[in-house]
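Chain by chain, the residues run as shown.
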Amino acid sequence: MSKRPLIGILYSDCAVRDNEMRIRTYVSRKYSNAVLLSGGDPILLPTPFTHEINNDEISRLSERYLSLVDGILLAGGEDIHPKFQDEDPIPALGAVNPFRDNFEIIVTKQAYTNSQKPILGVCRGIQLMTVALGGKVHQDISDIASIQHSQSSPRWASSHYIEIKPNSRLSQIADNKIIMVNSFHHQAVKTLPKNFEITAKTSDGIIEAIELKDKNRFCLGVQWHPEETFETDDFNKEIFKIFVNACK
Ligand code: MN
């Protein structure tokens, strides 16, 4: 039996106060379930939410985490603060979480360059991966999108089509070139990091998936939420499976 890889999940959808005014950070249980059911063992890697820790300390923490895990999963959540791509915030920017952005950018850069660990980015995760590795995101797509990307249908439902690029990782697990996915975003990838390619788009030209061109390494970002339809949708089940397998 092959060893089950340890998958570090970078999380904290937001920092909220509960009814006793404690601040808790959290992530949907669907990510860790999807990893477990795909043959991996999930572990949560919390963002340090304090100004007391500088980036040298965060780099040390990140190196330690990366020495333990076999791959990282960048979960969904808030908008990326535009300062990380040298822009001012536009009025349509949503809630941001700069502590989380900073931590995840450091971990992602290290995972990509130093330790060369597989990375899967989901929703905010594809955007974070993009910014961390030198690309840019649209702060808001309402002016350029002509289909609904913040879907009105429930989270378990898929809502718009994507077209998958032939000879991509996604094309190997999809039954068809055109498939339907869910959509809960108002930001999207604008320019790619070096060595990446677009592997899925919507009919209005919004980038829905990116991959590293070098298929010997696993680095995949998807703009939809595969963990939401993991149990009912084979394509999304396969996304977690190929990621976990790449971490072995
Ligand atoms: Mn979409």
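Heads up: these notes are all about the structure in this document.

1. Describing the side chain of Gln 187
Next, step 1: Locating Gln 187 in the fold gives a position in the loop between β9 (178-181) and β10 (188-191).
Next, step 2: Since its relative accessible area comes to 1%, Gln 187 is described here as buried.
Next, step 3: Not counting residues within four places of it along the chain, the set of residues in contact with Gln 187 comprises Asp 79, Ile 80, Leu 93, Gln 127, His 138, Gln 139, Ile 141 and Gln 223.

2. Overview of the packing of helix α2 (residues 55-68) against helix α3 (residues 98-113)
Next, step 1: Following both chains from N to C, one finds α2 and α3 inclined at 50°, their axes separated by 9 Å at the closest point. For the element pair α2 / α3, the angle class is oblique. Both α2 and α3 take part in a crossing whose hand is right-handed. Between α2 and α3, the contacting residues are Asn 55, Ile 58, Ser 59, Leu 61, Ser 62, Glu 63, Tyr 65 and Leu 66 on the first element and Asn 102, Phe 103, Ile 106, Val 107, Gln 110 and Ala 111 on the second.

3. Considerations on the coordination of the manganese ion
Next, step 1: Protein coordination at the manganese ion: the donors are His 149 (ND1), His 160 (NE2), Ser 183 (OG), His 185 (NE2) and Glu 208 (OE), at 2.2 to 2.3 Å from the metal.
Next, step 2: Read in sequence order, the donor residues coordinating the manganese ion give the pattern H-x10-H-x22-S-x1-H-x22-E. Residue Ser 183 is located in the loop between β9 and β10, and its partner Glu 208 is located in strand β12 (residues 207-212); the two are separated by 25 residues in the primary sequence. Residues Ser 183 and Glu 208 agree in their burial class; the two are buried.

4. Notes on the environment of His 81
Next, step 1: Along the chain, His 81 turns up in the loop between β5 (71-74) and α3.
Next, step 2: For His 81, a relative accessible area of 15% corresponds to the buried category.
Next, step 3: C-alpha of His 81 to C-alpha of Phe 99: the two residues are 18 residues apart in sequence and 9.9 Å apart in space.
Next, step 4: The contact partners of His 81, leaving out residues within four places of it in the chain, are Val 96, Pro 98 and Asp 101.

Conventions we followed
Residue numbers run consecutively from 1 along every chain, following the written order of its sequence. Residues qualify for local features only when their pLDDT is at least 70, as the model is predicted, and side-chain atom pairs are given and counted only at 80 or more; totals for whole chains, interfaces and linings, by contrast, use all residues. Excluded from the side-chain calculations are hydrogens and water; all other atoms, namely the structure's heavy atoms, are used. What counts as a helix is a DSSP run of H or I of at least four residues, what counts as a strand is a run of E of at least two, and both are numbered from the N terminus. Only protein chains enter the area calculation, which uses a 1.4 Å probe; residues under 20% of their type maximum are buried, those over 50% are exposed, and those in between are partly exposed. Two residues qualify as a contact provided that any one of their heavy atoms is within 4.5 Å of a heavy atom in the partner residue. To define axes, lines are fitted to C-alpha atoms, for helices over the stretch in contact only, and angles between the resulting N-to-C directions are given on a 0 to 180 degree scale. In what follows, roughly perpendicular refers to angles from 65 to 115 degrees, roughly parallel to angles under 35, roughly antiparallel to angles over 145, and oblique to any angle outside these ranges. Crossing handedness: left-handed means the near helix sits turned counterclockwise from the far one by under a right angle, and right-handed means the same turn made clockwise. As a rule, N, O and S atoms within 2.8 Å of a metal are its donors, except that Na, K and Ca use 3.2 Å; water is not among the atoms, so sites may look incomplete.

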